[in-house]
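# Structural characterization, general
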Protein chains: 2
Amino acid sequence: MANEKKISFEVIKRLPRYYRYLGELKSNNITRISSKELSRRMNVTASQIRQDLNCFGGFGQQGYGYNVEDLHEAIGDILGLNNGHKTIIVGAGNLGRALANYKSFEKRGFKLVGIFDINNIKIGQNIAGLDVLDFNEAEKYIPDLAPDIAIITVPKEAAGSVAKKVISLGIKGLLNFSYTDIDVPDGVEIENVHLSDSLMTLSYKLEQQKKLNQ
Amino acid sequence: MANEKKISFEVIKRLPRYYRYLGELKSNNITRISSKELSRRMNVTASQIRQDLNCFGGFGQQGYGYNVEDLHEAIGDILGLNNGHKTIIVGAGNLGRALANYKSFEKRGFKLVGIFDINNIKIGQNIAGLDVLDFNEAEKYIPDLAPDIAIITVPKEAAGSVAKKVISLGIKGLLNFSYTDIDVPDGVEIENVHLSDSLMTLSYKLEQQKKLNQ
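As the structure is a prediction and not an experimental result, all values here were calculated from the model.

Looking now at the overall build of chain A. Of the regular secondary structure elements, chain A holds nine helices and 10 strands. Principal axes of the C-alpha set define a box for chain A whose edges measure 60 × 50 × 35 Å. For chain A, with 214 residues in total, the buried portion stands at 50%. Counting contacts in chain A only where the partners sit at least 6 residues apart, residues at least 24 apart contribute 58% of the total. Accessible area for chain A stands at about 10500 Å²; split by element, carbon and sulfur atoms hold 47% of it. Measuring between centres, the 27 positive side-chain charges of chain A sit 7 Å from its 25 negative side-chain charges.

What follows is the structure, given as structure tokens:
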């Protein structure tokens, strides 16, 4: 897989979408699909699809199209989803609760193994089948839970110290919803999710519509 | 502004990030910044920044850098943020609540004017200073509230009919968090947010790390 390093970030960014669509096809018992049909459903050109999937060695067969299950599994492998990821959520506020109950995380191999907070009212509450644990005692729980990923949904003032703590306990992947940037050391990966960015993109599109109608 | 049409989607996607960073600089009373310094903070090359901002006419001045406030305002204009957007949330579950309390929406000019649900237990509850309204009576409320944008946080089974209803009442922009694709007519804009995509991208990065360490 030495050639994977050359794959552009733009292609990588599209893989989750392919994975989602193929998962939907699979659950609708569709076993194969042409790049043309996949293109229509995904609103991406067929040549783009062929180009993207060729980056990974090409899964299509002339005159047959793609085998949905094989392609789904292959992309899952590339994304590292097939072995699963144990995940914790730090911050049992509304967003933490929403994510804990978000069905599609588990469906994609992210198994929630712990929810943490420092608020005494929240500690001990049951969310999505798990009792909220005291983050001040993170050292006591995290080594046993052995999660790969921490989803951070605490206020931005606390985000840095939460990240530091979970990294010190061996967690290598952070999904950060706090409205701040977190510096992570080499060997630790972070994805920052800025919910307001999508609202701003929507606003841009509305602005363009307005200009068209003027 | 006729040349705006040529701006690539990739540039547009970066604008919210520029806007966020410049907003932070502004609140830290920083009045000007070089493309080099902006580049360091944003982890984008300086030439990328110059290229991106040139798309909109170029705001920089040789030897001076960018005027933070002017650039922030100019990008806000391009994004259509400076006039504000009245926004409603449909679906007062955990995610709806989290978004209603999300401070950075209001800071970016998205003013929450209504929260709707169809669950009798939720209707009348106060969230972020607003009483939850009955979505079955949307016709009664929405024309007066006159929102531009509806944020949809209902279960995916209901997302299509919610979208149809709000569009029929004149809403032109949808931010969809339901795990499903919604078809919208011409003249209506939609942004679909898939929270699991960022987890999948993170998983990919972790997988690459693992390979590096093998």
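Read on, since the account is not over.
With a phi angle near 60 degrees, Asn 29 of chain A is a residue other than glycine that sits in the positive phi range. Tracing the sequence through the fold places Asn 29 of chain A in the loop between helix H1 (9-27) and strand E1 (32-33). On the basis of relative accessibility, which here comes to 67%, the residue Asn 29 of chain A falls in the exposed class. Residue Ala 146 of chain B is not a glycine yet carries a positive backbone phi of 50 degrees. Assignment of secondary structure puts Ala 146 of chain B in the loop between helix H7 (138-145) and strand E8 (149-152).

We now examine the packing of aromatic side chains. All names here are of chain A. Scanning all chains against the criterion turns up six aromatic pairs over all chains. Relative to Phe 135, the ring of Phe 116 lies with its centre 5.9 Å away and its plane at 80 degrees, an arrangement referred to as edge-to-face. Pair noted here: Phe 116 is in strand E4 (residues 110-117) and Phe 135 is in the loop between strand E7 (133-134) and helix H7 (138-145), with a separation of 19 residues, a long-range link. On the basis of relative accessibility, which here comes to 8%, the residue Phe 135 falls in the buried class. Taken together, Phe 116, Phe 135 and Tyr 141 form an aromatic cluster joined through their ring pairs.

Pairing in this open sheet of six strands is parallel, and the strands run E7-E4-E3-E8-E9-E10 (chain B) from one edge to the other. Unpaired on one side and paired on the other, strand E7 (133-134) and strand E10 (189-192) of chain B mark the two borders of the sheet. The sheet contact formed by strand E3 (residues 85-90) of chain B and E8 of chain B spans four bridges and is parallel. By the bridge assignment for E8 of chain B, Val 90 of chain B is matched with Ile 152 of chain B. Contacts from helix H9 (residues 195-212) of chain A reach E3, strand E4 (110-117), E8, strand E9 (173-176) and E10 of chain B within the one sheet, and its direction differs from that of E10 of chain B by about 165 degrees. On top of the sheet, helix H8 (residues 156-168) of chain B reaches E3, E8 and E9 of chain B; it is set at about 170 degrees to E8 of chain B, its chief contact.

What follows is about the relation of the copies chain A and chain B. Mapping chain A onto chain B calls for a rotation angle of 180 degrees and an axial translation of 0.0 Å; the resulting RMSD is 0.0 Å. The transformation just described matches what one would write down for a two-fold rotation axis. Closest approach to the rotation axis within chain A is made by the C-alpha atom of Asn 94 of chain A, at a distance of 2.6 Å. Of all interface residues in chain A, 100% are interface residues in chain B too; the two copies therefore contact each other through one and the same surface.

A word on the interface of chain A and chain B. The interface is formed by 64 residues belonging to chain A together with 64 residues belonging to chain B. Taken together, the links from chain A to chain B amount to four salt bridges. Residues Arg 20 of chain B and Asp 197 of chain A are paired through a salt bridge, measuring 2.8 Å at the closest nitrogen-oxygen approach. Taken together, the connections running from chain A to chain B amount to 20 residue pairs in polar contact (both at pLDDT 80 or more). Listing elements by their share of the side of chain A that touches chain B, those giving two or more residues are H1, helix H4 (68-78), helix H5 (94-100), helix H6 (103-107), strand E8 (149-152), strand E9 (173-176), strand E10 (189-192) and H9 of chain A. Top contributing element to the side of chain A that touches chain B by residue count: H9 of chain A, with 18 residues.

A separate point is the confidence of the model for chain A. Atomic detail in the predicted coordinates should be set aside for any region of low pLDDT. Residues and elements named next belong to chain A. Considering every residue of chain A, the mean pLDDT works out to 88; 94% of them sit at 70 or more. Least confident of the elements in chain A is H6, whose mean pLDDT is 81; most confident is E7, at 98. A low-confidence stretch, residues 1-5 (pLDDT under 50), is modelled with seven contacts involving residues beyond four sequence positions or located in other chains. For this predicted complex, the interface confidence reaches an ipTM of 0.88, while the overall pTM sits at 0.86.

Here we come to the sheet that holds E7 of chain A. Residue and element names in this part refer to chain A. Spatially, E7-E4-E3-E8-E9-E10 is the arrangement adopted by the six strands of the open sheet, whose pairing is parallel. Edge positions in the sheet fall to E7 and E10, since each of these pairs with one other strand and no more. The strands touched by helix H8 (residues 156-168) within the sheet are strand E3 (85-90), E8 and E9, with E8 carrying the most contacts at an inclination of about 170 degrees.

If you walk through the whole model with that rule in mind, you get 18 salt bridges over all chains. Overlapping salt bridges bring together Lys 13 and Glu 191 of chain A together with Lys 205 of chain B as one network.

What follows covers the pairing of E4 of chain A. Residue and element names in this part refer to chain A. Here E4 lies mainly inside the structure; seven of its eight residues are buried. Strand direction decides the pairing type here: E3 and E4, joined by six bridges, are parallel. Bridge assignment links Val 90 to a residue of E4, and that residue is Phe 116. In the sheet, E4 pairs with E7 via two bridges, with the strands oriented parallel. Note that in E7 the partner of Phe 116 across the bridge is Leu 133.

Here is what the cut-offs are and how they apply
- Residues numbered from 1 in each chain as written.
- Chains lettered and ligands numbered in written order.
- Predicted model: local features only at pLDDT ≥ 70, side-chain atom pairs only at ≥ 80, totals over all residues.
- Heavy atoms only, no water.
- Helix = DSSP H or I, 4+ residues; strand = E, 2+ residues; numbered from the N terminus.
- Buried < 20%, exposed > 50% of the residue type's maximum accessible area, 1.4 Å probe, protein only.
- Contact = heavy atoms within 4.5 Å.
- Areas by Shrake-Rupley, 256 points an atom, 1.4 Å probe, with all protein chains shown as cover.
- Lys, Arg positive; Asp, Glu negative; His and termini not counted.
- Charge placed at Lys NZ, Arg CZ, Asp CG, Glu CD.
- Phe/Tyr/Trp six-rings, centres within 6.5 Å; stacked < 30°, edge-to-face > 60°.
- Pairing = 2+ DSSP bridges.
- Axes fitted to C-alpha atoms, helices over the stretch in contact; angles between N-to-C directions.
- Least-squares fit on C-alpha atoms with pLDDT ≥ 70 in both.
- Salt bridge = Lys/Arg side-chain N within 4 Å of Asp/Glu carboxyl O.
- Polar contact = N/O pair within 3.5 Å; in protein donor to acceptor, adjacent residues only side chain to side chain.
- pLDDT = per-residue confidence, 0-100.

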